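Here is what each chain is made of, one letter per residue.
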Amino acid sequence: MEDMSLTEMQEMQRILQEKYFQKWGGLSPEKAAHKLLWLYGELGEVGDIIKKQGNHNIMNDPETRRHFVEEMCDVMMYFHDVMLCYSVTPEEMASVYRDKFHKNLTRW
C-alpha cells in the first residue's frame, strides 16, 4: 500500500466537512479553537492507550495496535480540520516543514 499524501488527507476531510456541514457547522478561523480542543481530546485517547495497554501490546497485539492507529487517525483528522480552518495548504505545510527541519538540523 502506498503512502497517503497530505493533499489526499485534506481532501478527505473536506469531503467529510461538506457532508456533515449542517451537523458540524463548517470550517472557518472561528471554528479552529473548537477543532483544536477535539484534537487535544483525541491525543488524550492516544495517551490512554499507551498508558493502559503499554508499548508491548501496541507493538504485538493486532487489536491494540489497530485501536492505537485509529486514534492516531482521529488526531490527524482534527489536525487537517485546523489546517482547513486557516486555509493552510499541503504545499505551504510542506515548505515550512522542510524549513523547520533544516533549522532543527543546526539548532544544537
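Some words on unusual backbone geometry
And then number 1: Its identity as a non-glycine residue notwithstanding, Ser87 has a phi of 55°, on the positive side.
And then number 2: With respect to the element layout, Ser87 can be found in the loop between helix H4 (62–85) and helix H5 (90–105).
And then number 3: Its relative accessible area of 59% is what places Ser87 among the exposed residues.

Some details on the nonpolar core
And then number 1: Of all hydrophobic cores here, the largest spans seven residues; its members are Leu39, Val46, Ile49, Ile58, Phe68, Val75 and Tyr78.
And then number 2: Secondary-structure elements contributing two or more residues to this core are helix H3 (32–60) and H4.
And then number 3: Here Ile58 is in contact with Ile49, Ile50, Thr64, Arg65 and Phe68, once residues within four sequence places are set aside.

Criteria and thresholds
Residues numbered from 1 in each chain as written. Predicted model: local features only at pLDDT ≥ 70, side-chain atom pairs only at ≥ 80, totals over all residues. Heavy atoms only, no water. Helix = DSSP H or I, 4+ residues; strand = E, 2+ residues; numbered from the N terminus. Buried < 20%, exposed > 50% of the residue type's maximum accessible area, 1.4 Å probe, protein only. Core = buried A, V, L, I, M, F, W, Y, C linked by side-chain atoms within 4.5 Å. Contact = heavy atoms within 4.5 Å.

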